[in-house]
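Next come the chains, spelled out residue by residue.
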Amino acid sequence: MNVTKTVASSPRGEIAIYKITNAAGAWVELSALGAGINAVVVPDKEGNLENVALGYADAASYIGDGPCMGKIPGRYANRIAAGKFTLDGVDYQLEINNGPNALHGGSEGFFNKIWDSEATDCGVVFSLVSPDGEAGYPGTLKVTAEYTWTDACELRLVIKATTDKKTVINLTNHAYFNLRGEASGSVLGQKLMLNCSHFLVTDENLTPTGEIAPVAGTPMDFTTAKTLGEDIRKPFPALAYGKGYDNCYAIDGAQKGEITLAAVLEDEATGRVLEVSTTQPAVQIYTGNWLSGCPATRSGNRTYFDYDGVAIECQGMPDAPNHPNFPSQVLDKGEQYEHTISFLFKTK
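Everything in this summary refers to the structure shown in the same document. (Residues numbered from 1 in each chain as written. Predicted model: local features only at pLDDT ≥ 70, side-chain atom pairs only at ≥ 80, totals over all residues. Heavy atoms only, no water.)

1. Some thoughts on the overall build of the protein chain
Formally: Every helix listed is a DSSP run of H or I at least four residues long, and every strand listed is a run of E at least two residues long, numbered separately from the N terminus. Radius of gyration means the value over C-alpha atoms here, while the globule rule gives 2.2 Å times the residue count to the 0.38 power. Exposure classes here rest on a 1.4 Å probe applied to the protein chains alone. A residue is buried below 20% of its type maximum, exposed above 50%, and partly exposed in between. Here, two residues are considered to be in contact whenever any of their heavy atoms come within 4.5 Å of each other. The method behind every accessible area is Shrake-Rupley, applied with a 1.4 Å probe, and residues are considered shielded solely by the protein chains displayed.
For the protein chain, the count of helices and strands is 1 helix and 26 strands. Computed over the C-alpha atoms, the radius of gyration of the protein chain is 19 Å, within 12% of the 20 Å expected from 2.2 N^0.38 for a compact globule of 348 residues. Along the first, second and third principal axes, the C-alpha atoms of the protein chain reach 60 × 50 × 40 Å. Out of the 348 residues in the protein chain, the part that is buried amounts to 57%. For the protein chain, restricting intrachain contacts to residue pairs at least 6 apart in sequence, the fraction spanning at least 24 positions comes to 65%. Element-wise, carbon and sulfur atoms account for 49% of the exposed surface of the protein chain, whose accessible area totals about 13,000 Å².

Here you go:
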């Protein structure tokens, strides 16, 4: 494995950029800004290499972008209703930055920070310290995000964290994929299968109501593979609220500490397949419904349009601190938060 480092300038300081190339010439690019995935270049069924992860032309464009492109949001990915939660009788108020909700840890969340970084033999370890009270969250949180890239074209992310005071935490990666190529246009013709028979019902603000409903008989059902666009225009509350899929699914058979298949994305034209597995209990599917207006694409010839990529975000459930029936996202002093997300690229 070949790991090389370059540095890009930005208004917030130098950003370390790492390129990791495997024996077959497939490679990934990772950035210290938001501990993010900037590119994933993998072969199709004919052996042609193409970047299948959406990204920007300029490293500094990732700062403050709406799509949270390829980065790790935190301290709590996804939404917390009204930005409020209670721990041990103490009420906490977070920044409201998404309608009535707190989203992704606030406007200056982990995704807008330049993480410390260190190369390994086959990847990179990014690290970050979030001080007590930052964005309203209790406890000093120490986080590491370790990426590894293999000759089998598996990009594996292991996220760990500890705190000195009880807090809430939910960390994921927010990469967008298009298996035909990052600048190839709409992703809605690609097929998705989810190992998920239930989804989280939300209100019109995409805030979970607490109900975990079966997908059977609804447009939310991906238990059998279908194209992302097959049902996206059907009249259904969840699809109307988000202008497409922007919904969290409970992963069937998820057990703490065990890797479970969450999703399979496939592009028939290129033969590329992405298998996503995780130790997390849930996966958010977001079909890039609001990508238009983002910074210039990595290919440089235009900006992305809505539905040009799909985010498959393995995570804890949104607003879990306010729903006792959801898996707990509380982290106590002396405990370690640890989760794995695997992106395995194959062909068929």
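Next comes the rest of the description.
2. Overview of the nonpolar core
Formally: The set of buried Ala, Val, Leu, Ile, Met, Phe, Trp, Tyr and Cys residues whose side-chain atoms join them within 4.5 Å is what this entry labels a nonpolar core.
In terms of nonpolar packing, the biggest core is built from 84 residues, with Val40, Phe126, Trp149, Tyr249, Ile312 and Phe345 touching the most fellow members. Excluding its chain neighbours within four sequence positions, the residues that come into contact with Phe345 are Val40, Val42, Val52, Trp149, Ala152, Cys153, Phe177, Leu179, Val273 and Leu274.

3. A closer look at unusual backbone geometry
Following Gly74, the chain continues to Arg75 via a peptide bond in cis, the omega torsion being 20 degrees. Tracing the backbone through its elements, the reader meets Arg75 in the loop between strand E5 (49–51) and strand E6 (79–81). Even without being a glycine, Ala135 presents a positive backbone phi close to 60 degrees. Looking at the secondary structure, you find Ala135 in the loop between strand E11 (123–130) and strand E12 (141–149).

4. Considerations on the pattern of salt bridges
Rules: Salt bridges are defined by distance alone: a side-chain nitrogen of Lys or Arg within 4 Å of a carboxyl oxygen of Asp or Glu.
Under the counting rule described, the total for this entry stands at 16 salt bridges. Among the ionic pairs, Lys166 bridges to Asp88, the shortest N-O distance being 3.3 Å. With Lys166 in the loop between strand E13 (154–163) and strand E14 (167–168) and Asp88 in the loop between strand E7 (84–87) and strand E8 (90–93), this pair connects stretches of sequence that are 78 residues apart. Lys113 is the partner of Glu134 in a salt bridge, and the nearest nitrogen-oxygen pair spans 2.9 Å. With Glu134 in the loop between E11 and E12 and Lys113 in the loop between strand E9 (101–103) and strand E10 (116–119), this residue pair connects regions lying 21 residues apart in the sequence.

5. Observations regarding the sheet that holds strand E18 (residues 208–214)
Backbone-to-backbone hydrogen bonds pair the strands of a sheet. The strands run either parallel or antiparallel. Stated precisely, the cut-off is as follows: Pairing between strands is defined by DSSP: at least two bridges between them are needed.
Strands sit in the order E15-E24-E23-E20-E17-E18 across an open sheet of 6 strands; the sheet is antiparallel. A strand with exactly one partner marks an edge of an open sheet, and here the two such strands are strand E15 (176–177) and E18. In this sheet, strand E24 (residues 310–315) lies alongside strand E23 (residues 282–286) in antiparallel orientation, the contact comprising 5 bridges. Pairing of Ala282 across the sheet is with Gln315, part of E24.

6. Overview of the layout of surface pockets
Where empty space is left becomes clear once a probe the size of a water molecule has been rolled over the atoms. The line we're drawing: For cavity detection a 1 Å grid was placed over the protein atoms alone, and a set of points counts as a cavity when a 1.4 Å probe fits there but cannot get out; an open set counts as a pocket when protein lies on both sides within 12 Å along at least five of seven lines, with lining residues being those that have an atom within 4 Å of a point. Grid points are joined across faces, edges and corners, and a volume is the space filled by probe spheres set on the points. Classes in brief: Ala, Val, Leu, Ile, Met, Phe, Trp, Tyr, Cys and Pro nonpolar; Asp, Glu, Lys and Arg charged; the others, Gly included, polar.
Put simply, the largest pocket is a space of about 510 Å³. Taken together, 26 residues form the lining of the largest pocket, with Gly66, Arg79, Asn98, Leu103 and His104 sitting closest to its centre. Residue composition of the lining of the largest pocket, grouped by class: 10 nonpolar, 12 polar and 4 charged. Volume-wise, the second largest pocket comes out at about 430 Å³. Residue lining of the second largest pocket: 18 residues in total, with Lys256, Ser328, Gln329, Tyr337 and His339 positioned closest to the centre. For the lining of the second largest pocket, the elements supplying multiple residues, two or more each, are strand E25 (330–331) and strand E26 (337–347). It is E26 that provides the largest number of residues to the lining of the second largest pocket, a total of 3 residues. For the lining of the second largest pocket, a count of residues per class yields 7 nonpolar, 8 polar and 3 charged.

7. Here's the deal with the sheet that holds strand E1 (residues 2–8)
Note the following rule: Every angle, taken between N-to-C directions, lies between 0 and 180 degrees, and every axis is a line fitted to C-alpha atoms, over only the stretch in contact when it is a helix.
Strand order across the open sheet formed by 5 strands is E1-E2-E3-E4-E5, with antiparallel pairing between neighbours. Whereas interior strands pair on both sides, the edge strands pair on one side only; in this sheet they are E1 and E5. The average angle at which neighbouring strand axes cross in this sheet is 15 degrees, direction not considered.

8. Quick notes on the environment of Thr4
Within the secondary structure layout, Thr4 lies in strand E1. Looking at Thr4, the relative accessible area reads 35%, which means it is partly exposed. Residues Thr4 and Gly64, spaced 60 residues apart in sequence, show a C-alpha to C-alpha distance of 26 Å. When neighbours within four sequence positions are excluded, Thr4 is seen to be in contact with Ile17, Tyr18 and Lys19.

9. Quick word on empty space enclosed by the protein
Scanning all chains against the criterion turns up 2 cavities of 30 Å³ or more. The calculated volume of the largest cavity comes to roughly 50 Å³. Every residue lining the largest cavity is listed: Asn78, Arg79, Leu200, Thr202, Leu206, Pro208, Asp246, Asn247, Cys248, Gln284 and Pro318. The dominant element in the lining of the largest cavity, judged by the number of residues it contributes, is strand E20 (residues 246–250), at 3 residues. Across the lining of the largest cavity, the residue classes break down as 5 nonpolar, 4 polar and 2 charged. Taken together, Gly74, Arg75, Gly105, Glu108, Gly109, Phe110, Ser130, Glu134, Ala135 and Tyr137 form the lining of the second largest cavity. Looking at the lining of the second largest cavity residue by residue, the classes come out as 3 nonpolar, 4 polar and 3 charged.

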